[in-house]
Amino acid sequence: MKLQSTSVLIVAASAALALHCTFNPGPPMGSSITPPSGFAGNTGGGGTIMSGLAGYSGACTGLQCQQSTCTAGNCAVPACPNGGRTTVSGTVFDPAGKVPLYGITVYVPNKELKPFTDGPSCDPCDKATGTSLLSGDPVTFTKSDVKGNFKLGATGADVPAGDNIPLVIQVGKWQRKVTLDHVVACQDNPITNADLTRLPRNQSEGHIPRIALTTGEKDAMECLLRKIGISDAEFTPETGTGRVNLYAGGGGTAAYATTLNAGAPFTPVNPWWDSLDNLKKYDIVLHSCEGGQGSYNGNNPPKSTKSPAAVKALQDFADAGGRVFASHWHAYWFEKGTPAFQSIATFNHQGVLPNPYTATIDQSFAQGQALASWMVNVMGSPPPGGTVSLAQDANPLLLQAATGGNVSQRWIYAADKNPQTTQYLSATTPVPGGTCGRVVLSDIHVSSGGAMSDMPNTPFPMGCITTDLTPQEKVIEFMLFDIASCVQPIIP
């Protein structure tokens, strides 16, 4: 089977998942497949990976007619003998093509995909499929497991056979379309080239969410995005055309070094983040740790000021469907934020953890089980899994305990502390119990210090000196794609 990647920008919106034929024989929509060995948890809310679309009666259209599971009178492909299937298998990778990704939707559309609109938008997961609502009238779909593997067409409706079959790889507003030159009927068609099943690196390959990234003295989130594979051309000031716009936070890089000691300055975060209209240009906001909280009431020394207007704007952005990742001392947005944001955690400032420290992954919920298994598969945790080694710098840590109920979810914690403290938590918005946007609060630094660490206060991208992900960076990569995906309610 020959494959080729399309070079056209293909994008999708949250159009309803629908078929133009009525369902008749065959498994119902959302039929499940047995999880692969080592799979823990699910993305469909029911303990299984949701896959495929059913057979149907009536007149088929387009690629529906090229499915062996087609039951209409004008089907172009005969049924497979002996219950055989036409399938496509492979592994989904991050844009760098290095790390396999969990929970990514893979599907064959029957129509042109619809464009995304930049900015926050409510994206609750479809209850039947566990996915965002997909455009293009998919004829079959599945999701990648904890090893990043998928087998499209294994249940439900199979993959259309023939030439030039489109294949879409998507999570939230990350999307790439490739073309399968030929799919052979009634057998598996494996994709062995990882470059064809990774998410896009740039706008010529597909759609990337629009991201606002604020820099900081103690973290280099911009370097992490480079390591997961986003092309350098996509990092620009807000005046540029890149999908990642950098804003100058306290002590962080403040210029793009297009050449040595030259480049465009970044817009200061203060007062940029006071305006909801500024935030609403973006799908995701990433805040790198500045080494202090920053407020009118002050730290010593103070960092970038977070005014009452800024605090309210961030909550309004998240409530409208925006995604927020806050590193370390950006806990201020929650600890000193609006009453709703303050409710997501009980804040408990303590001293530093040992360096390194083995933290525990909370496996009391399905996605936590998936993270634990995924970390073993990507060599971020030693078998049997459930732990991650954290290397932090010498600054005091902000440790917090997640609240109960449906307000927030603990992901990683210090199990041997009394009381136990949380290094990673998330909440869906509006708080409590909303399914519109998501916020993540991380006590895990990307830049861990030491001789071989990225340098947050160096002109970008000169400060990005490492190329491989540390275990704690792999956790953050998992979370970055997880918060970009559709929103499931937190179940108490």
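Please read all numbers here as calculations on a predicted model, not as lab measurements. (Residues numbered from 1 in each chain as written. Predicted model: local features only at pLDDT ≥ 70, side-chain atom pairs only at ≥ 80, totals over all residues. Heavy atoms only, no water.)

(A) Focus on the state of the cysteines. Counted under the stated rule, the structure contains six disulfides. Each disulfide pairs two cysteine sulfurs, and for Cys70 the partner residue is Cys75, the sulfurs being separated by 1.9 Å. One quick way to see it: the torsion about the S-S bond of Cys70 and Cys75 is about -75°, and its sign makes the bridge left-handed. A residue is classified by how much of its surface remains accessible, and Cys70, at 10% relative accessible area, is buried. You can call Cys75 partly exposed: its relative accessible area is 24%. Sulfur-sulfur distance for the disulfide between Cys80 and Cys186 comes to 2.1 Å. An S-S torsion of about -95° defines the bridge between Cys80 and Cys186 as left-handed. With Cys80 in the loop between strand 5 (56-57) and strand 6 (87-91) and Cys186 in the loop between strand 11 (174-183) and strand 12 (188-190), this pair connects stretches of sequence that are 106 residues apart. Here the disulfide map of the chain reads 1-2, 3-4, 5-8, 6-10, 7-12, 9-11, the bonded cysteines being numbered as they appear in the sequence. (Disulfide = S-S within 2.5 Å. Buried < 20%, exposed > 50% of the residue type's maximum accessible area, 1.4 Å probe, protein only. Helix = DSSP H or I, 4+ residues; strand = E, 2+ residues; numbered from the N terminus.)

(B) The sheet that holds strand 6, seen in detail. Sheet architecture is open: three strands sit in the order 9-6-12, paired in mixed fashion. Two strands close off the open sheet at either side, each with one partner strand: strand 9 (149-152) and strand 12. Direction aside, neighbouring strands of the sheet carry axes that sit 20° apart on average. The pairing of strand 6 with strand 12 spans three bridges and is classified as parallel. Residue pairing for strand 12: Val88 is matched across the bridge by Asn189. (Pairing = 2+ DSSP bridges. Axes fitted to C-alpha atoms, helices over the stretch in contact; angles between N-to-C directions.)

(C) A look at unusual backbone geometry. The omega angle of the peptide bond from Asn270 to Pro271 is 15°, so this bond is cis rather than trans. With respect to the secondary-structure elements, Pro271 resides in helix 2 (residues 269-272). Pro432 follows Val431 through a cis peptide bond whose omega is 0°. Mapped onto the elements of the fold, Pro432 is located in the loop between strand 25 (421-429) and strand 26 (437-442).

(D) Representation of the side chain of Ser426 within the structure. Counting through the fold element by element, Ser426 comes out in strand 25. The class of Ser426 is buried, set by a relative accessible area of 3%. Among the polar contacts made by the side chain of Ser426, one reaches the side chain of Trp411 at a distance of 2.9 Å. Engagement of the side chain of Ser426 in a polar contact is seen with the side chain of Arg438, the distance being 3.3 Å. Apart from residues lying up to four places away in sequence, Ser426 is in contact with Ser408, Gln409, Trp411, Arg438, Val439, Val440 and Ile490. (Polar contact = N/O pair within 3.5 Å; in protein donor to acceptor, adjacent residues only side chain to side chain. Contact = heavy atoms within 4.5 Å.)

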